[in-house]
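# Working through the structure, step by step
Residues per chain are reported as follows:
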Amino acid sequence: MSGVTVVGGGLAGMTAAWTLRGLGLPVRLLEAAPGLGGMAGSRVIEGRTEDHGVHIFPAWYRNTLRLVRELGIERNLRKARNFHQLLPGEFPAFRTAVTPAADRLLFYYGVIDLLSQRYGPRDESLHDFLHSRWYLTEAAIADIEHLFVASSAAESPAVSAAGFRGSIAAFARHPGPVRMPRGDLERWFIGPFRERLEADGVEVRTGSELTAVTVSGDRLETLTVRGADGATVTEEAGGHVVLALPHGRLSALGGEVTGALRPPHGVTELTSRPLGALHLYLRRRLPQLPDEHVRLVGSPHALTLLDVGRAWRGHEVTVLNCVVGRVCRLAELSETEAVKVLVDELSTYLPDLTWDDIEHVCYQPHFAAPFFAPGPGSARFRPHSATALANVHIAGDHCAAPPGVAGMESAVRSGLTAAESVRRALRPEAPPVRIEPIGDISPSAARLLRTALAPLAAAVRSLTTRTRGR
Ligand SMILES: Cc1cc2nc3c(=O)[nH]c(=O)nc-3n(C[C@H](O)[C@H](O)[C@H](O)COP(=O)(O)OP(=O)(O)OC[C@H]3O[C@@H](n4cnc5c(N)ncnc54)[C@H](O)[C@@H]3O)c2cc1C
């Protein structure tokens with residue numbers, strides 16, 4: 001086929017297909033699963049539409065939110081103003097902050113300190129940053145580390161400090177409420193996106209898995225695709241190909257592909273970890289739960305939850321959609337055992353919850369679909385969209401991006417950069433694809449502030465040491 005084949009119908013591939021079609025190019029989108037959306041989508045499991053996991057859209061997701069506006073579905077997202085924190089034994093008293101005021105003050109000083117760092121591609125881990133700061137208290141460090149593993153499945157030694165710095169700068173540059181879909185991702189986000197793609201003439205083929213490729217000279221020559229019926233077809237690549245696959249699947253295509261990436265073989269150095277989901281359908285409405293996200297502070301499996309029975313339309317009972325940050329710890333257990341561990345853990349925070357309340361459980365550990373959170377030093381391995389193969393371009397949330405850009409924003413951004421790479425080859429006369437910058441905070445300005453506030457931090461730290469020891 002001349003035109004463009006996009007392989008992988010997650011958010012990265014969908015964005016690339018949308019943008020390329022907008023340039024007037026013939027586009028087809030091949031996706032292995034029965035539906036589009038990848039991790040940002042839903043699947044029908046036992047007759048219910050289940051999200052891969054509940055998703056939030058922070059205000060600094062400029063490319064993602066612009067895409068949402070372009071699709072005309074901004075009303076499908078609602079604002080959430082609070083991220084509630086719940087400690088064991090405190091229900092129904094939700095907090096907005098966990099640590100005492102002094103620890104928080106020192107944490108904010110730490111944020112300024114972090115913003116004053118100038119990290120290159122070889123940064124340090126969040127663990128090393130936090131544990132080398134003389135002023136941070138153990139309570140503050142433990143809380144930040146727990147927050148991270150709950151949202152990214154990565155423990156602090158596996159988190160890039162430059163990435164944390166980048167996301168803090170992004171939140172500071174673009175303050176405002178986070179958004180979340182009014183219901184499941186399929187109905188409120190991915191379904192309407194697919195409709196727009198097809199209405200604009202993108203040929204969408206689900207149940208089509210790329211199993212192999214061949215390379216000849218500096219071009220990808222053939223694609224071997226297994227269809228939903230199990231039959232395998234090898235065809236000429238024809239025009240350009242955007243590979244919008246998770247990094248593990250990209251690596252599986254072999255050395256001729258990974259060697260053509262920029263940097264060569266960098267993708268084989270990347271690491272992802274499963275971030276699980278547990279959905280509990282109750283027989284009744286649990287009283288006093290908010291309709292926004294809740295983090296179960298200090299929970300051993302790093303649980304966050306949203307009562308979608310309140311947050312979404314059309315429910316009269318409680319439906320808890322939980323994200324399980326430390327799902328890896330459950331890898332050796334059967335599904336029944338894992339669910340028992342998680343429900344027991346939930347009940348230490350939600351004393352009203354009993355086994356009799358639970359009508360239906362959907363547990364998705366996602367061991368086969370791990371989530372990419374940038375590790376320390378990983379920036380130098382993340383692939384750029386252009387490759388040494390003249391007709392191959394790369395997209396996916398693991399692709400090169402400014403520090404801190406991860407998750408859906410990274411996926412959407414990578415779809416745009418891959419489309420720009422194709423545009424340069426096929427439509428050089430067209431204006432460049434627009435990619436919204438997130439912006440940064442100047443390390444020099446942060447450094448000045450850090451110096452000015454150092455005596456205050458020292459005074460608060462010595463006070464906490466005197467009143468409670470280390
Ligand atoms: C539980 C959970 C909660 C999350 N919450 C948030 C959140 O709140 N905010 C946020 O920003 N991000 C969140 N994320 C992350 C976010 O969903 C992902 O970063 C993003 O959706 C990745 O998009 P992608 O297109 O790069 O990859 P994917 O979504 O992985 O898409 C890749 C696609 O390629 C397909 N594919 C794979 N192999 C082949 C093949 N050989 N042939 C054809 N197709 C193939 C896959 O089926 C998939 O559809 C969360 C992730 C998880 C797991």
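Report on the accompanying structure. (Residues numbered from 1 in each chain as written. Predicted model: local features only at pLDDT ≥ 70, side-chain atom pairs only at ≥ 80, totals over all residues. Heavy atoms only, no water.)

### Comments concerning the site of the ligand
Taken together, 32 residues sit near the ligand, with Glu31, His55, Ile56, Tyr61 and Asp397 positioned nearest. Val54 is positioned such that a nitrogen or oxygen atom in its backbone is 3.5 Å from a nitrogen atom of the ligand. With respect to the ligand, the backbone of Gly407 contributes an N or O atom lying 3.5 Å from an oxygen atom. Among the elements of the structure, helix H1 (11–22), strand S9 (209–216) and helix H12 (407–426) are those that each provide at least two residues to the shell around the ligand. Among the elements that make up the shell around the ligand, the one with the highest residue count is H12 (3 residues). Along the lines of polarity and charge, the residues of the shell around the ligand split into 17 nonpolar, 11 polar and 4 charged. (Near = heavy atom within 4 Å. Polar contact = N/O pair within 3.5 Å; in protein donor to acceptor, adjacent residues only side chain to side chain. Helix = DSSP H or I, 4+ residues; strand = E, 2+ residues; numbered from the N terminus. Nonpolar A, V, L, I, M, F, W, Y, C, P; charged D, E, K, R; others polar.)

### Structural notes on the packing of aromatic side chains
In total, this model carries 9 aromatic pairs according to the counting rule given. Ring geometry for Trp18 versus Phe193: centroids 6.2 Å apart, planes at 85°, classification edge-to-face. Remark: Phe193 occurs in helix H7 (residues 185–199) and Trp18 occurs in helix H1; sequence separation between them is 175 residues. Members of the aromatic cluster, each reached through a chain of ring pairs, are Trp60, Tyr61 and Phe171. The residue whose ring lies beneath Arg48 is Tyr281, and the NZ or CZ to ring-centre distance is 4.4 Å. (Phe/Tyr/Trp six-rings, centres within 6.5 Å; stacked < 30°, edge-to-face > 60°. Lys NZ or Arg CZ within 6 Å of the ring centre and 35° of its normal.)

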